[in-house]
Amino acid sequence: MDIEGTTTPIAFVHQVLFPYARARVHDYLQQHTDDPAVRADVALLRAEYAAESPPPDLPGWNPEAYVYWLMDRDRKSTGLKALQGRIWEDGYRAGELRGKGEVYPDVRPALERWRRSGKTIAIFSSGSIQAQRNLFANTTTGDLSPFLSGYFDTTTGPKREAQSYRRIAATLRQEPRDMLFISDVPAELDAARETGMRTTLCVRGDLSPEDPDTGHPRIRSFAELA
C-alpha cells in the first residue's frame, strides 16, 4: 500500500508532519553536525544538488536552504525524506507526535482482516522507512506495526518505475501476479501493473465526473476489498 492519500489523509501529512519538520530543520542540522547518519543525509543531498539541472531559483549550495527549496516543491528526494524521518523520530520520542499518526477509519479493520486471512502486508511510500515505521507505530487507532511485514521507500527505486515493484516482489519472495498494490496515484499503479501486479486505485473523498478512467479498479474504502 501507498500511504499519503491511501492509508493516511493528505492533510495530515501536509498540515502536521511537513510543518513540524520544516520548523526544526535549522536546529536539527545545527545539533547533529557530528552525527554520521545526518552527515550521510547531507552528503546525499549534496549529490542530488550537484545533479540538478539548475533552475533560476535554485539557491547556492547550503544544506538548510536546499532542504527548504525541496520542501517547497514537494520533491521526492531520498536525502530530504531521510532527514525528515529523523526529525519526526525525535518528535515521536519527545511525545510531540506520539499517537498522532492519522489513518482512515477503515485501515485498522482491514489490516486485522487481511492478517487473519494470512496476507502479507507491506508499505511502499516516498517517505523514509523510518518515517513509515514511526507513523504506523503511533496512529490514532493504536500501534499498527505488528500487521506490517515490510517497508519500502525511494531507496528501492522511484514509485513510477516498474523495476521498483519487481524489487519489492523479489524482496518479499512473491510473484508479482500474486500481489496487489493500492495507491491513489494512477501513474504508480501503471508501473506496478507493468510487472503483472494487480492494482487498485484508492479514491478518498468525492470523485469528479471529469476524472478520467485510469483502467484500474476503484475503491473508496478498504472495506470494499474482499
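You'll find the structure just up there.
Residues numbered from 1 in each chain as written. Predicted model: local features only at pLDDT ≥ 70, side-chain atom pairs only at ≥ 80, totals over all residues. Heavy atoms only, no water.

**Q** What am I meant to see in the overall build of the protein here?
**A** Each helix and strand counted, the protein has 8 helices and 5 strands in total. Starting at the N terminus and walking to the C terminus, you meet the elements of the protein as α-α-α-α-α-β-α-β-α-β-α-β-β. Taking 2.2 N^0.38 as the reference for a compact globule, 226 residues should give roughly 17 Å; the C-alpha atoms of the protein span a radius of gyration of 18 Å, in line with that estimate. Considering only C-alpha atoms, the protein reaches an extent of 50 × 40 × 40 Å along its principal axes. (Helix = DSSP H or I, 4+ residues; strand = E, 2+ residues; numbered from the N terminus. Rg over C-alpha atoms; globule rule 2.2 N^0.38 Å.)

**Q** I keep staring at the pattern of salt bridges and nothing clicks. Help me out?
**A** Any two side chains of opposite charge can pair, on the condition that their charged atoms come close. According to the stated counting rule, one finds 13 salt bridges in the structure shown. D41 serves as the salt-bridge partner of R86, at 2.5 Å between the closest nitrogen and oxygen. With R86 in helix α4 (residues 78-93) and D41 in helix α2 (residues 36-50), this residue pair connects regions lying 45 residues apart in the sequence. Residues E175 and R177 are paired through a salt bridge, measuring 3.7 Å at the closest nitrogen-oxygen approach. Among the ionic contacts, a cluster of salt bridges with common partners joins D2, K159 and E188. (Salt bridge = Lys/Arg side-chain N within 4 Å of Asp/Glu carboxyl O.)

**Q** Would you take a moment to explain unusual backbone geometry for this structure?
**A** With glycine set apart, most residues show a phi of negative sign, and most peptide bonds adopt trans. Of note in this structure, D74 is not a glycine but carries a positive phi near 50 degrees. With respect to the helices and strands, the residue D74 is situated in the loop between α3 (63-72) and α4. Of note in this structure, R173 is not a glycine but carries a positive phi near 55 degrees. Among the secondary structure elements, R173 is positioned in the loop between α7 (162-171) and β3 (180-183).

**Q** Would you mind showing me how to read the pairing of strand β4 (residues 198-202) here?
**A** Side-chain positions along a regular strand alternate between the two faces of the sheet. Burial analysis of β4 places 4 of its 5 residues in the buried class, the great majority of the element. Note that β3 and β4 share 4 bridges and pair parallel. Bridge assignment links F181 to a residue of β4, and that residue is T199. In this view, the connection linking β3 to its parallel neighbour β4 by way of helix α8 (residues 186-194) has right-handed handedness. Where β4 meets strand β5 (residues 218-219), 2 bridges bridge the pair, whose relative direction is parallel. Bridged to C202 within β5 is I219. (Buried < 20%, exposed > 50% of the residue type's maximum accessible area, 1.4 Å probe, protein only. Pairing = 2+ DSSP bridges. Right-handed = clockwise from strand over helix to strand, strands pointing away.)

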